[in-house]
Each structure stands twice: as structure tokens, then as C-alpha cells.
Amino acid sequence: MSNSLLKRRDLLKGMGAAGFLARPLFRDSLVHAAEMPKRFLVIYFPGGVHFGPGGDSKHGFFTWEQMLASWSDLRDDVILLRSMPNRAGKRIQSKNGEPHHAGMRTLLTGDSSVFNDGKAVFAPTPSIDQAIAAAIGGATVHSSLQFGVFGNGGAQIDQKRLCFLNSSALPPVDDPAVMFKRLFPSAPAPSLPPLPRYSGLNIVYGSTPTGSSPPPAPAPTPTAPAAPSTYAADRKRSILDHLRAEITALKTVAGTGEQQKLDQHMTSIRELEKKLPAPGMVPGATPMPISSSCKPPALSAGMLDIPTVMGLQFDLLYQAMVCDSTRVASFQILHSAQPAFQFPWLGVPDVHHALEHGDQDSAAIGDKFNKVQTWFTDQIAGFLRRLKATPEGSSNMLDNSLVFVCTELTQGDHHTVEPLTGLLVGRAGGAVRPGRTLDLPNVPHNNLLLGMAQAMGVNLPSIGDVDLCTSPVSLA
Amino acid sequence: MMFRSAPGCFALVLVVASVGCTGQLVSDQPGGSAPLSPGSGGDSPASGAPPPSGVAPGPSAPTATGGTCPAAPPASVALRRLSNVEYDNTVRDLLNTTQTPGRSFLEEDEALGFRNIAAALTVPPALAEQYAEAAAGLATEATKNVSTLAPCSSNASATAERTCADTFIRSFGRRAFRRPLAAAELQAYTRLYEAERGRASYASAVGIVVETMLQSPHFLYRAELGAGTPLRLTPHEIATQISYMVTGSMPDTDLSAAADGNRLSTPEQIEAQVRRLLMTPRANGWLRGFVMQWLGTTNAGEVPKDLTVYPAYDDALRASIAQEAVRFVDAILAESKGSIAELFGAGWTYLDARLARHYGVPAPTGAGLQRVTLPADQRAGVLTQAAFLASHSKPNESFPITRGKFLRQRVLCRSLPPPPPDANIVAPRPSPDMTTRERFAQHSANPTCAACHKLIDPLGFAFETYDGTGAFRTTENGKPVVTAGELVDVAPEVDGPFAGAVPLMRTLAPSRVVSDCAAQQAFRWALGREETSAESCLIGSLAGPGADLREILVAIARSDRFVLRAR
């Protein structure tokens with residue numbers, strides 16, 4: 001057993017499930033104080049930008065540069081990506097002509113296979129965040145987390161999913177209360193109103209649309225923990241062991257198509273196991289202080305609209321990073337065909353999908369679209385500033401991260417997926433050199449994805465369509 | 001790269017909840033009965049998939065309507081994860097609980113317009129956590145009355161208690177897994193029970209069985225794995241499929257007994273169970289969910305509109321619109337057995353005073369929703385109701401392209417080719433002195449656009465007498481609304497000129513095209529997958545003239561598609 005492992009186990013013995021921080025409270029950085037964890041984040045917003053009648057980012061009345069006007073303090077932390085082809089997206093468009101299916105689907109995968117006919121699911125390639133999580137996610141309680149701001153509802157699976165694993169889509173968690181519970185399972189639940197969902201729940205349930213929802217389920221109480229020390233963990237472990245055996249046995253009789261489904265299920269069971277303390281370990285009474293700022297955020301809200309949910313979810317993502325609950329996360333704002341939510345605080349009564357489709361050269365549409373998109377990027381900037389303001393080691397949390405700020409379309413109203421534009425923010429602990437523009441007009445974006453993984457210390461032979469992978473884009 | 005090529009043709013790309021455009025233009029239909037060839041040919045990879053190697057197609061199958069279709073290869077074995085509402089229905093029936101944890105589960109992914117498509121439903125980590133939490137909560141509640149759940153004398157000996165537990169594991173397992181437990185499973189659950197009993201109470205040991213079974217893949221997935229040669233669903237799998245298709249929950253006592261007694265081996269036995277369950281109130285609510293998912297109206301009570309354009313569209317109106325949609329479909333299912341012709345052609349609906357004002361018809365007497373006869377020249381059937389019209393338009397305009405595309409794909413089941421690669425898809429700007437139809441005139445003026453848009457736009461323009469909230473109108477921006485058009489490349493029985501939405505619906509409602517499309521949609525929903533091209537003939541035989549949804553479901557259940565699988 002290596003020295004570092006021994007140390008880690010010693011550490012683990014000292015912490016455990018006491019208090020509200022019921023998660024393994026270690027991180028490698030405590031063992032290797034000099035090494036700060038690297039984190040990989042994807043922040044998505046829908047609909048691209050509006051370049052105006054000139055047709056490229058240098059002309060026209062609204063560009064990435066203009067949208068980022070308020071980012072001047074972050075200029076040296078950013079790589080502006082321009083002119084990069086999304087060939088996989090283009091392939092899907094030529095297959096079925098539906099750009100909504102092409103953009104999000106390919107953004108993190110570079111994979112042109114499509115969900116079709118209700119059975120040919122996605123190709124086995126994981127999205128880049130999941131490929132990175134497979135390599136570095138073992139160190140944290142959650143291999144990865146998918147945050148959403150109304151990222152569900154109102155569209156088909158292939159129009160709204162960003163992250164994939166085992167040929168399955170990983171939907172984002174939109175409800176801050178649910179995410180809070182995942183991150184801080186033993187903390188008192190925040191008191192938040194129910195999340196509005198655009199999913200026709202009452203009608204799908206067969207009840208009348210005006211009928212009120214039944215009262216929420218009573219909070220589960222642990223079953224008679226006679227010996228509080230290891231009882232609860234042992235009990236959970238018994239259940240998970242049993243489930244693993246069942247899934248393994250079922251896999252031998254399920255068809256090939258269903259085996260990936262069971263692989264995904266097994267992955268999820270393993271994630272649950274990671275939340276338990278190591279076998280035989282007695283949870284101690286003293287939580288290990290990871291960082292004085294690692295604590296459940298105080299969440300409160302009168303109503304859950306887009307600004308509120310975005311604020312709460314960014315708070316939770318920030319805490320997940322501070323507490324080292326995960327090192328890989330995606331943050332999905334709406335999705336590529338969101339028909340349900342308006343923007344009253346910006347004076348925009350349109351829904352996002354309609355803004356995407358409107359003639360953005362007309363001031364009536366263009367101004368509103370730009371207002372919304374700029375609001376998105378301003379919120380993202382606010383979150384990035386928070387990371388930058390959080391000291392970590394000899395630098396800060398943003399320096400130790402790589403953040404891919406992306407959108408699935410080039411220009412919203414044209415529904416083009418090429419060129420792919422976006423931002424890379426942070427230095428991935430020194431592996432990335434920001435403060436520049438990257439123009440790669442002939443390099444399929446699969447190679448950018450590979451370059452991101454490389455910057456995270458993860459070398460992948462390919463991602464998505466293999467023939468599109470030539471050589472990882474160096475971000476150094 | 002991004003120049004704006006005028007003139008533009010906007011549209012094929014938009015629709016909010018579109019099904020995948022398969023790239024095959026269906027035209028030149030050979031006969032009156034629709035051939036239903038979604039996605040055949042072209043580069044649609046999964047349609048018409050060849051049979052798995054080694055599986056020989058069986059003999060020709062008699063169809064529900066007496067004809068004969070060539071045998072089609074069976075679909076692969078499947079595990080169908082319970083949708084969230086199916087989960088809630090199932091725990092309600094299994095545990096007699098009022099908890100509905102599924103309402104806060106990670107939302108199911110929709111595919112083909114439905115929430116129960118097998119390929120789209122998996123168990124990601126966030127959902128596994130929610131399953132675990134829900135199972136713990138349900139087990140805790142259930143074991144509060146352990147004497148009811150797993151009766152045992154309070155002073156039972158260790159051996160006697162073990163017998164109680166054994167009985168419980170068998171009986172609860174039979175219901176949770178919708179089949180008897182295999183010997184090895186019984187042993188494994190017994191070990192789980194005993195390990196827990198060694199460290200905690202009887203109730204807690206019973207509880208761990210419940211908590212585990214509620215997270216078991218045998219509970220969370222409806223297995224369609226089959227047995228024998230040719231591979232055929234087991235009686236318990238058939239019972240499960242019947243029950244979830246008709247009621248959205250686990251089999252009831254009668255159906256379970258039929259499975260235990262191996263009385264589900266013939267189409268007649270299956271049909272009898274389907275018919276019995278179709279008569280239950282639970283079936284009505286469940287089938288309503290199918291109809292409204294199919295027509296894209298499940299969000300009717302939540303569709304947002306621009307109040308500066310539609311100031312009358314307040315919360316009360318939205319609620320009334322949703323109630324009309326529900327009440328109408330319920331009535332179709334209850335009184336007309338789900339008649340397709342009535343669904344799309346009815347001259348009546350349910351309105352309250354608020355909605356009557358919106359529709360411009362006299363308010364009914366009596367409070368709440370009342371059945372009213374509609375002006376015969378203004379509305380006919382579900383597609384002329386506000387729920388459909390408001391759901392399939394933009395917040396500030398009617399948007400005929402969305403409506404037309406939806407109708408063509410989901411009500412007529414005709415596929416559309418993708419737009420040309422460099423089509424300008426930018427929507428025309430709103431204009432204060434033009435009608436919506438005039439703004440989209442480019443679609444017919446430009447031959448490149450017209451090739452496809454002649455398949456879409458006329459269908460949408462027919463509904464221009466209804467604004468974005470479903471209010472009736474004869475003028476727009478001071479100019480008359482023109483609704484006449486021509487239906488092309490659908491089927492000879494319906495192709496031709498029409499004057500507007502009402503006459504169009506009177507033609508379509510009783511047509512074979514629409515009833516066959518209803519059958520295709522019901523097939524997808526019932527079996528949780530898209531049909532293959534080899535199954536087109538069978539689907540074309542499911543609905544006869546005067547078709548109704550119940551008979552379509554019976555025909556699906558009687559077909560070999562329901563019971564045969566391939567590995």
C-alpha cells in the first residue's frame with residue numbers, strides 16, 4: 001500500500017458522517033498539500049449569438065466581443081474560440097435537417113449518431129466531461145454533477161441533452177432543493193417553493209389540471225439505528241451489494257441493447273457506494289475542515305424563476321467545488337428549444353425558442369435576444385469572478401479550473417452549428433494559457449475536446465466520430 | 001459562411017416538440033390505405049432494421065381486420081424503466097401509500113413525443129439517489145404497520161418469525177416484481193433479511209426487503225425478456241404489459257391470477273383482460289395521458305403568451321383551456337370509446353363562461369364547464385380547441401408553420417424531408433399591415449422552399465382563423481384571413497382543395513389516414529418504441545373504419561408484436 005493511501009485512510013478515520021457534512025471529507029489536496037485539484041466545468045447557454053448582417057464576428061452590431069463587454073476584468077483568463085467547425089453537428093444536420101438535434105447533442109461529444117426511431121440510442125462515446133470524470137472522478141463523492149436551470153421540459157431528448165454516458169443521456173438536476181440534498185444529505189432541507197415544471201404533470205398523471213398536488217412525502221427517518229456508529233452505513237451497503245448482484249445477473253439475460261442501460265444503472269449504484277464510508281470504518285465525531293467556506297449555502301426564495309434558480313444553482317455549484325464534492329460539473333441554462341419561460345425581469349415577454357427563431361436583424365427581435373444572451377453571459381461572469389476571488393494554494397480556484405463556456409448554435413436565427421464559438425476560462429492549474437483568441441477554421445471541434453481533456457491530464461485516443469479526431473488542440 | 005441568402009425559406013426546423021425528420025418524402029401513396037413508411041429508405045439508420053441474425057420470420061400473421069400481413073421480425077428483448085408516473089401508480093397499488101415521490105424525480109426524457117419510450121429511460125446517478133431516498137421513505141411508512149405488512153405473532157419463536165418473513169418475501173416479492181421470485185432470488189432476499197435481523201428489529205428487517213425491492217432492477221424495469229422458442233413473453237410479462245398499457249400500473253389481482261394460472265397464452269385470453277381493464281375508470285385517465293401526449297397538449301395550462309399581444313390570456317383563461325382539453329378527451333374516451341372520427345371532428349365541446357367568451361360563443365347556463373354545441377362553421381374537433389392551438393404557436397403569433405408541421409407529422413403520420421442545406425430559416429418579421437399568411441408568401445414564391453412547404457404551410461394556413469391563443473378570427477391586421485388551400489401527397493382519399501380548418505377536419509376526421517396514424521402513435525406508446533418498416537402493414541391493419549382507441553389497443557394486444565421478441 002502506498003504511503004499516500006495510508007495517509008488517506010488515516011484521514012478518513014478521523015472524519016465521516018458526523019454533523020451535516022455527511023460525505024467523505026477528504027481531498028487529495030490535503031494529502032498532497034502542494035497539489036490543488038483541477039476542475040473541469042461546462043457552462044452552457046442556448047441559442048448562440050447574433051453576429052448581424054455582415055456574417056462574421058468582426059462585423060455587425062452584436063458579437064461575442066460586445067456580449068463580453070462586462071468581462072474586461074476577466075480578459076486575461078479567457079480564450080475566445082472562433083471559427084472552429086462542428087463537423088459532427090453538420091453531419092447530423094445533413095442527416096435530418098434539424099439543427100436542434102445537432103447542436104447540443106454534438107457539443108461535448110463530437111458524435112454524429114442520433115437518437116432515432118426510439119431505439120438506436122446514442123453511440124457509446126461518453127461526452128467529454130464524462131470521459132474526464134471517468135479518469136478523475138474517483139477522488140470525489142460525486143464523479144460529476146449536472147446542474148440545470150430549467151434544462152428539462154418542453155422538448156425531445158435529443159434537443160436538450162448535453163452529457164452522455166453508457167449511451168444514456170444524463171439529465172441536469174433543475175431543482176436546487178434536490179441538488180442541495182445530494183450535496184448535503186444530512187443538513188436541514190432548505191425551505192424553497194416547488195420548482196415550476198413545464199411537463200404537464202397533472203395531465204400526465206391523469207388528475208385534473210386544477211387539482212392541487214398531494215402533500216409532499218414525509219421526510220424519511222432512518223430505520224431504528226440501534227447502533228448508530230456503523231449501523232446505517234452497513235445497512236445501506238447491504239442494499240447496494242444486493243442491487244449490484246441483481247444487476248449483474250440481469251445483464252446476463254438482457255439483450256445487447258439493454259446491457260448499456262444496465263451498465264449505466266451499475267455506474268449509478270457505484271456512485272451511491274462512494275457516499276458510504278469505507279467498510280469497517282467508524283465515523284468519527286470531528287468533521288475534517290476542508291475549507292472554512294465549505295458549508296451548506298443558505299438557500300431561500302419566494303418564487304423559483306430563472307434568475308432565482310440560476311443564483312441558487314451557482315451557489316450550489318460553488319459550494320460543490322469549495323467542498324470538493326466533485327471536480328467535474330456541467331451547468332446547463334435552459335436548452336436548445338425551451339418554449340416555456342419568459343424573461344419579465346428584462347422586459348422580454350418572448351420565450352427563448354421564439355427569440356432564437358425570430359429575425360434577429362430586426363431591432364424588435366434582435367434587441368431582446370441580445371439582452372437575454374448578455375444577461376446569461378453576465379451571470380456566468382459573476383460566477384467566474386467568484387472562483388477567481390477564492391484563493392487556493394498559491395493562486396485561486398479559477399486558475400485551477402478549466403471552464404468551457406459554450407452554446408450549441410453559432411448564430412441563433414440561422415440555426416447554424418458552424419463555426420462553433422465559445423470561451424475557455426481558467427488555466428487548469430497551468431496547463432492552459434488564456435488571454436488570447438483561438439482561430440482554428442479547419443480543425444473539427446473534436447480536437448478541441450481532446451485538448452481540454454489533455455489539459456485536465458486525461459489523454460484520450462479519440463472522442464465521438466473517430467475520423468474527425470486528428471490531434472488534440474494544444475491549449476498550453 | 002453566414003450570409004443571409006434572400007429569399008429565405010423558414011420553417012422545417014422550428015417546432016417545439018418535433019419528432020425527428022427522417023429525411024424521406026412520402027409521396028405518391030399507392031393506395032387509399034396509408035402505407036405508413038416512416039423513415040423507410042434514406043439514411044435513417046434504424047428504420048427497417050434487419051432482423052437479428054438467426055431469427056427467422058414466422059408465418060404470415062392474420063391481422064385484426066381479417067387481412068394478412070407478411071410476418072415481421074420481432075423486436076429485441078427490452079427492459080422498460082417505469083416512467084415517473086408509472087412509478088407512483090405502482091407504489092400506490094403495491095403499498096397503498098399516498099406518497100408520490102415520482103413527482104419530484106428527475107424528469108423523464110421524451111422521445112417520439114412520449115414519456116415512456118424504452119430507449120430514452122435509464123437510471124442516471126441523480127435518479128438512483130432519488131430512488132434510494134424514495135424507497136427508504138416508503139419502507140419506513142410501510143413498516144410502521146409491520147403487523148399488517150408482514151403479520152407475525154409478537155411473541156413468535158425465532159423459527160416462527162422466520163416463517164413469517166419467508167411468507168412476506170414471497171408474497172411481497174411476487175407483487176413488487178410482478179412475477180414469482182426465482183429460488184435464488186428468494187435465498188438472496190432471505191440472506192438480506194437475516195443479516196438485518198441480526199442487527200435490528202423484525203420491522204427493520206422487513207423494511208430492508210421493501211427498501212431493496214423498490215430499488216431492484218426487477219421492480220424499476222418492466223422486463224420483456226421472454227422465454228422459449230420462438231422467444232415469447234412469459235405470462236407474467238404479458239400481464240405486466242397489458243396492465244401498464246391500459247392502466248399505467250402493476251397488474252391487479254385478477255390479471256395476476258390469470259398470469260399465475262397461465263391463462264394469457266392466446267390472443268382471446270389477452271383480449272379479455274384488456275377489455276376488462278379498459279372499462280375501469282383508471283384506464284380513462286391513463287389513456288387521456290396518451291392522447292394529450294400524442295397531440296402535444298399536456299402543457300395546455302402552462303403555455304406562456306405575450307400579454308402585450310394577448311391581454312385576455314390570463315391565468316383563469318389558461319386554466320379553462322386546460323380543463324376543456326381534459327374534459328373533452330375524457331368524454332371522447334368515456335362516451336365514444338375513443339372514436340378517432342369524433343376526437344377530430346366533434347361539433348361539441350365543454351366550455352365555461354370565460355372560455356365561451358374567448359371562443360365568441362354564448363355562455364352556457366350553469367357553472368363550470370358545460371357541454372355546448374359549437375358553431376358548425378367555426379370549430380370541429382380537438383385540433384380546433386384552444387389547448388392545441390395555443391400549444392402549437394408562438395407566444396405572440398399563430399405560427400402556421402409549427403401547426404402545419406405538427407399536423408403533417410403527428411396527425412397524418414407523414415414524414416418530411418430536411419430543409420435544403422443552405423436554406424435561410426429566419427422567420428419573416430411581424431408586420432402590422434400584413435396577414436401572417438402574406439408574410440410567409442415567400443415559401444410558395446421560391447421554388448426551393450415550395451417543394452416542401454406546400455406539404456406544410458397549407459395545413460397551417462387552414463388554422464389561421466384561430467390566433468395564437470385559439471380565439472376565432474376572420475381578419476388579421478384589418479385584412480381578411482385566407483384559409484383555403486390544398487392537401488397534397490397525403491393519400492388520394494383526402495388529397496385535394498379545402499376551404500379551411502373545419503371542412504378540412506370533416507374530411508380528415510373519419511379518414512383512414514388519420515385512424516391509421518392514431519394506430520401508429522398508439523403502437524409506439526403501447527410498445528415503447530418506434531415501429532419498423534416491416535411492421536407498417538400490421539399497423540395499417542390495427543384501425544378499421546370507425547376506429548376507436550380502445551379497439552386499436554385491443555388489436556395491438558392481440559397482435560404477435562405484443563408477445564414475440566428476439567434476442
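Since we're looking at a predicted model, the values are computed, not measured. (Residues numbered from 1 in each chain as written. Chains lettered and ligands numbered in written order. Predicted model: local features only at pLDDT ≥ 70, side-chain atom pairs only at ≥ 80, totals over all residues. Heavy atoms only, no water.)

**Notes on the side chain of A:D111**
Residue and element names in this part refer to chain A. Along the chain, D111 turns up in the loop between α5 (99-107) and α6 (128-136). Judged by relative accessible area, D111 falls into the buried class, the value being 3%. A polar atom in the side chain of D111 sits 3.1 Å from the side chain of R105. At 2.9 Å, the side chain of D111 forms a polar contact with the backbone nitrogen of S113. (Helix = DSSP H or I, 4+ residues; strand = E, 2+ residues; numbered from the N terminus. Buried < 20%, exposed > 50% of the residue type's maximum accessible area, 1.4 Å probe, protein only. Polar contact = N/O pair within 3.5 Å; in protein donor to acceptor, adjacent residues only side chain to side chain.)

**Let's talk about the environment of A:R237**
All names here are of chain A. Tracing the sequence through the fold places R237 in helix α9 (residues 231-253). We classify R237 as buried; its relative accessible area is 18%. Between the alpha carbons of R237 and L272 there is a distance of 9.4 Å; along the sequence they are 35 residues apart.

**Focus: unusual backbone geometry**
Each neighbour pair has its own omega, and for A:E418 with A:P419 the value is -10°, a cis peptide bond. Along the chain, A:P419 falls in the loop between β9 (401-406) and β10 (420-425). Residue B:P230 is reached from B:T229 by a cis peptide bond, and omega for that bond is -5°. With respect to the helices, strands and loops of the structure, B:P230 is situated in the loop between β5 (221-224) and α8 (235-247). With phi around 55°, B:L112 is a residue other than glycine that occupies positive phi space.

**Quick word on the packing of aromatic side chains**
All names here are of chain B. In this structure the tally under the stated criterion is 28 aromatic pairs over all chains. Ring centres 5.8 Å apart and planes at 25° place the aromatic pair F114 and F290 in the stacked group. Taken together, the residues F114 in the loop between α1 (84-95) and α2 (125-143) and F290 in helix α11 (residues 281-294) connect sequence positions 176 residues apart. By the burial criterion, F114 is buried, and F290 matches it. When the centroid spacing of 5.0 Å and the interplanar angle of 50° are considered together, the rings of F328 and W348 count as tilted. A residue pair is termed long-range when its members are at least 10 positions apart, and F328 in helix α12 (residues 315-335) and W348 in strand β6 (residues 348-351) qualify at 20 residues. W348 sits in the buried class, given a relative accessible area of 10%. Joined through ring pairs, the aromatic side chains of F114, W286, F290, W294, F344 and W525 make up one cluster. Positioned above the aromatic ring of W348, the side-chain terminus of R371 is 3.7 Å from the ring centre. Sitting over the face of the ring of F114, R410 holds its NZ or CZ atom 5.7 Å from the ring centroid. (Phe/Tyr/Trp six-rings, centres within 6.5 Å; stacked < 30°, edge-to-face > 60°. Lys NZ or Arg CZ within 6 Å of the ring centre and 35° of its normal.)

**Concerning the state of the cysteines**
Summed over the entire model, instances satisfying the criterion amount to four disulfides over all chains. There is a disulfide in this structure between B:C413 and B:C517, and the S-S distance comes to 2.0 Å. Disulfide B:C413 to B:C517: torsion about the S-S bond roughly 75°, handedness right-handed. Note that B:C413 is positioned in the loop between α16 (400-411) and α17 (436-439) and B:C517 in helix α21 (residues 512-527), a separation of 104 residues in sequence. Residues B:C413 and B:C517 agree in their burial class; the two are buried. This cysteine, A:C406, is not joined by any disulfide, and A:C163 carries the nearest cysteine sulfur, 9.2 Å off. (Disulfide = S-S within 2.5 Å.)

**Re the sheet that holds strand β1 (residues 39-44) of chain A**
As a general point, the strands of a sheet are linked pairwise by backbone hydrogen bonds and lie either parallel or antiparallel. Residue and element names in this part refer to chain A. Strands sit in the order β3-β6-β1-β9-β10-β2-β11 across an open sheet of seven strands; the sheet is mixed. Here the strands that pair on one side only, and so sit at the sheet edges, are β3 (145-149) and β11 (436-439). Here the strands of the sheet are splayed against their neighbours by 15° on average, with no regard to which way each runs. Pairing of strand β2 (residues 78-84) with β11, which is carried by four bridges, proceeds in the parallel orientation. Counterpart to L80 in the pairing with β11 is T437. Across the sheet, α6 is in contact with β1, β3 and β6 (328-333); its angle to β6 comes to roughly 155°. Along the sheet, helix α14 (residues 446-455) makes contact with β1, β2, β9 and β10, crossing β9 at roughly 160°. (Pairing = 2+ DSSP bridges. Axes fitted to C-alpha atoms, helices over the stretch in contact; angles between N-to-C directions. Contact = heavy atoms within 4.5 Å.)

**A short note on the confidence of the model for chain A**
Averaged over every residue, the pLDDT of chain A is 81; residues scoring 70 or more account for 79%. Considering only residues more than four positions removed or in separate chains, one finds that residues 1-34 of chain A, a stretch of pLDDT under 50, has 70 contacts. (pLDDT = per-residue confidence, 0-100.)

**Focus on the packing of helix α4 (residues 158-176) of chain B against helix α6 (residues 202-213) of chain B**
Residue and element names in this part refer to chain B. Contact pair α4 / α6: the axes reach a minimum separation of 11 Å and the direction vectors enclose 20°. In this view, α4 runs roughly parallel relative to α6, as classed from their interaxial angle. Along this stretch, α4 crosses α6, giving a crossing that reads as right-handed. Touching E161, C164, A165, F168, I169, F172, G173 and A176 of α4 are Y202, V206, V209, V210 and M213, all from α6. Residue composition of the contact of α4 with α6, by class: eleven nonpolar, one polar and one charged. (Parallel < 35°, antiparallel > 145°, perpendicular 65-115°, else oblique. Left-handed = near helix turned anticlockwise from the far one by under 90°. Nonpolar A, V, L, I, M, F, W, Y, C, P; charged D, E, K, R; others polar.)

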